[in-house]
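# Breakdown of the fold
The residues making up each chain are set out below.
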Amino acid sequence: MMLFIRWRRLLQVWLVVSFMVSAGWGAVPTTWPGDSITGPYHSRLFFRPATQPASLPAWPLATRPTTTSAPVDKPAVTRAVPTGPNIILITVSDQSAGMTGFEGHPQIKTPHLDRLAADGVHFQRCYTPTPVSATSRASILTGQYPHAHGVMTDKSALPSTSETLTARLAEAGYVCGIVGKWNLPGTTAKTPGFGLTDYVATEDVDAEGRGWKWEQCPVWVQGEKRMADRFLTDWEADRAIEFVDKHKERSFFLWLSFRTNQEPLTRPPGTEKDYPPDAMTLPDPKTKTRSDQPPSLQNVLATKPKSDQELREARSKYAAMISRMDENLGRLAARLHELNLRERTVVIFTSDGGFALGEHGLHGRGAFIYEVMVRCPLVVRYPKLGRSGGRCARTVSLVDLAPTICELAGLPRSPMMHGHSLVPLLGNPESNALPDERFLEYDAQESGRSILVRGLVTSQYKYARYLRDGNYDVLYHLTRDAEEMNNVAKKPDSARQYAGVVKVLQNRVEHFRKVTRDQAR
């Protein structure tokens, strides 16, 4: 009897194994999800513990591998029509936080952005992961910090295999398009790729920034070379409105990527009398000085001095360009209202990083971590979810946009994303559901020097270590020194007092680097 039972069990096992092999389940994956690409720094659902062998299967029950051809007796899979909202992501170039009316600027007029903020949630402490345009935009697309997606400079290419926000939306049935600045090497404005099937992009620029201009700018429209027949910001808004008209019957994602504020600064037509240079205010003279900085930052391009008159002229043009962009956003908002799309369209406004106009004696962008360089405006408006007029003081980042948009579109958050969805903060801006810290990076050549920075910003502090300057530490106590005048890590009278803070923040940075596999040294 026992022998019979034993043989019956062996027969059962043999039948199960035979069935799995015949069904194609024999090839169980042997790598852990994320082994070949970096995942989130602390909410990674399938992070392999250090004690777990790499050879263990990723899934207890692996899905059947895809075959080279579908069975002939099964109909083709029809892509589901997305039921999520339309999403318009509006980005501008080189705009620091604080340069709009709703952020309290005393001179720059932005009535349409002010209305957007009044109807949505204003994130008051949003940071770019790095003060480099292409790098920042790659982080928006991927939801990853730069060391993971690999775009460290304006000349670095985003790998074609990168998992992007737009590709995921396109797979879910969204029609995805871009209008305006592309600025990601590797693919061109002619055919951006990454799920963007409707593209009206300005001409790619070369290493010196040549290739585009504010008037009569060469552009690509669906892969065809044309010429913008209006001031570039106005022309970009025209194309954005055309995109909305074209796709109003289905769910769409539009990235309206204004070149607004990018040098060379100019006055849009008809604004010659707006913002007279002599009336423009300059930074407080005391903030024109810089606190203790590492040697590699002493003679970078942003430190080239500008006279007060040059700064007033630049601020005048900068303000006029922001107001002109705001006027065009008003036109787009009006069209959404006319098409009855306002209530089911998410509108996000932000910038790819800041720009100094005399603050700390700087002009432009660079490897500094001052607020004027790394803090960005961010407003998210979605009537069905967000609180009107909400203000959120939590620390957030541009890497949070991809997971936020995915959740709004009804898509799961990719385990490859470092960012956090901001959706919980849209309904409750005071929520403490998300970490109140975000990380900062820089890895580029400036003035013949290789500058490598890793840091983070919290509700109270901003810290960075310049690794190729002998691990030079920079620490600002933001709640006591909002103007960032004192690097307390280097002041003789404060270095000892803040040594513990430096140690804690440095440990946080190193932990983040370890779990995201940041190999830079």
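Here the structure is a predicted model, which is why all the values come from computation and not from measurement.

Definitions and limits used
Residues numbered from 1 in each chain as written. Predicted model: local features only at pLDDT ≥ 70, side-chain atom pairs only at ≥ 80, totals over all residues. Heavy atoms only, no water. 1 Å grid on protein atoms, 1.4 Å probe; cavity = no way out; pocket = protein on both sides within 12 Å on 5 of 7 lines; lining within 4 Å. Points joined across faces, edges and corners; volume = space filled by probe spheres on them. Helix = DSSP H or I, 4+ residues; strand = E, 2+ residues; numbered from the N terminus. Nonpolar A, V, L, I, M, F, W, Y, C, P; charged D, E, K, R; others polar. Axes fitted to C-alpha atoms, helices over the stretch in contact; angles between N-to-C directions. Parallel < 35°, antiparallel > 145°, perpendicular 65-115°, else oblique. Contact = heavy atoms within 4.5 Å. Pairing = 2+ DSSP bridges. Phe/Tyr/Trp six-rings, centres within 6.5 Å; stacked < 30°, edge-to-face > 60°. Buried < 20%, exposed > 50% of the residue type's maximum accessible area, 1.4 Å probe, protein only. Lys NZ or Arg CZ within 6 Å of the ring centre and 35° of its normal. pLDDT = per-residue confidence, 0-100. Left-handed = near helix turned anticlockwise from the far one by under 90°.

## Comments concerning empty space enclosed by the protein
According to the stated counting rule, one finds one cavity of 30 Å³ or more in the structure shown. Volume-wise, the largest cavity comes out at about 50 Å³. Residue contributions to the lining of the largest cavity peak at three residues, all from strand E14 (residues 437–446). A per-class count over the lining of the largest cavity returns nine nonpolar, one polar and one charged.

## Things to note about the packing of helix H2 (residues 111–119) against helix H7 (residues 308–338)
Where H2 meets H7, the axes come as close as 7 Å, and the angle between the chain directions of the two elements is 60°. One way to sum up the angle between H2 and H7 is to call them oblique. Packed against H2, whose contacting residues are Pro111, His112 and Leu113, the element H7 presents Met325, Asp326, Glu327, Leu329 and Gly330 at the interface.

## Things to note about the sheet that holds E14
Ordered in space as E14-E15-E16-E17, the four strands form an open sheet in which the pairing is antiparallel. The strands lining the two open edges of the sheet, one partner per strand, are E14 and strand E17 (472–477). For this sheet, the mean inter-axis angle between neighbouring strands, taken without regard to orientation, is 15°. Bridge count between strand E16 (residues 461–466) and E17: six bridges; the pairing is antiparallel. By the bridge assignment, Tyr463 is partnered in E17 with Leu475.

## Some details on the packing of aromatic side chains
According to the stated counting rule, one finds 11 aromatic pairs in the structure shown. Ring geometry for Trp214 and Phe231: centres 5.5 Å apart, planes at 20°, overall stacked. Within this pair, whereas Trp214 is found in the loop between strand E4 (198–202) and strand E5 (218–221), its partner Phe231 is found in the loop between strand E6 (224–227) and helix H6 (232–246), the two being separated by 17 residues in sequence. Comparing Trp214 with Phe231, the two get one shared label, buried. An aromatic cluster is built from Tyr145, Phe439 and Phe512, whose rings are joined through pairwise contacts. Over the ring of Trp220 we find Lys225, and its NZ or CZ is 5.3 Å from the ring centre. Taking the ring centre of Tyr472 as reference, the NZ or CZ of Lys490 above it sits at 4.4 Å.

## Comments concerning helix H3 (residues 133–142)
Summarising burial for H3: 10 of the 10 residues are buried, a large majority. Where H3 is concerned, the buried positions are Ser133, Ala134, Thr135, Ser136, Arg137, Ala138, Ser139, Ile140, Leu141 and Thr142. Lining the buried residues of H3 we find strand E1 (86–92), helix H4 (146–149), helix H5 (165–171), strand E7 (252–257) and helix H9 (401–408).

## Focus on the confidence of the model for the protein chain
Here the protein chain averages 84 in pLDDT, while 83% of its residues score no lower than 70. Here residues 1–6 scores under 50 on pLDDT; set against residues more than four positions off or in separate chains, the count is zero contacts. Within the model, the stretch residues 13–78 combines pLDDT values under 50 with 70 contacts to residues more than four positions away or in other chains.

## A few points about the environment of Gly410
By the secondary structure assignment, Gly410 is in the loop between H9 and helix H10 (423–427). Take Gly410: its relative accessible area is 61%, and that puts it in the exposed class. Along the primary structure Gly410 and Thr83 are separated by 327 residues, whereas in three dimensions their C-alpha atoms are 8.1 Å apart.

## A look at the packing of H6 against H7
Look at H6 against H7: their axes get within 10 Å of each other, and the N-to-C directions meet at 15°. Put simply, H6 runs roughly parallel to H7. Classified by chirality, the crossing of H7 by H6 is right-handed. Contacts between H6 and H7 involve Thr233, Asp234, Ala237, Asp238, Ile241, Val244 and Asp245 from the former and Arg324, Met325, Asn328, Arg331, Leu332, Arg335 and Leu336 from the latter. Along the lines of polarity and charge, the residues of the contact of H6 with H7 split into six nonpolar, two polar and six charged.

## Re unusual backbone geometry
Leaving glycine out, the prevailing phi sign among residues is negative, and the prevailing peptide bond configuration is trans. Cis peptide bonds are those with omega within 30 degrees of zero, and the linkage from Glu263 to Pro264 qualifies with 5°. By the element assignment, Pro264 lies in the loop between E7 and H7. Positive phi, close to 60°, is recorded for Asn340, a residue that is not glycine. By the element assignment, Asn340 lies in the loop between H7 and strand E8 (345–351). The phi torsion at Glu484 lies on the positive side, around 55°, for a residue other than glycine. If you trace the backbone, Glu484 turns up in the loop between E17 and helix H11 (499–515).

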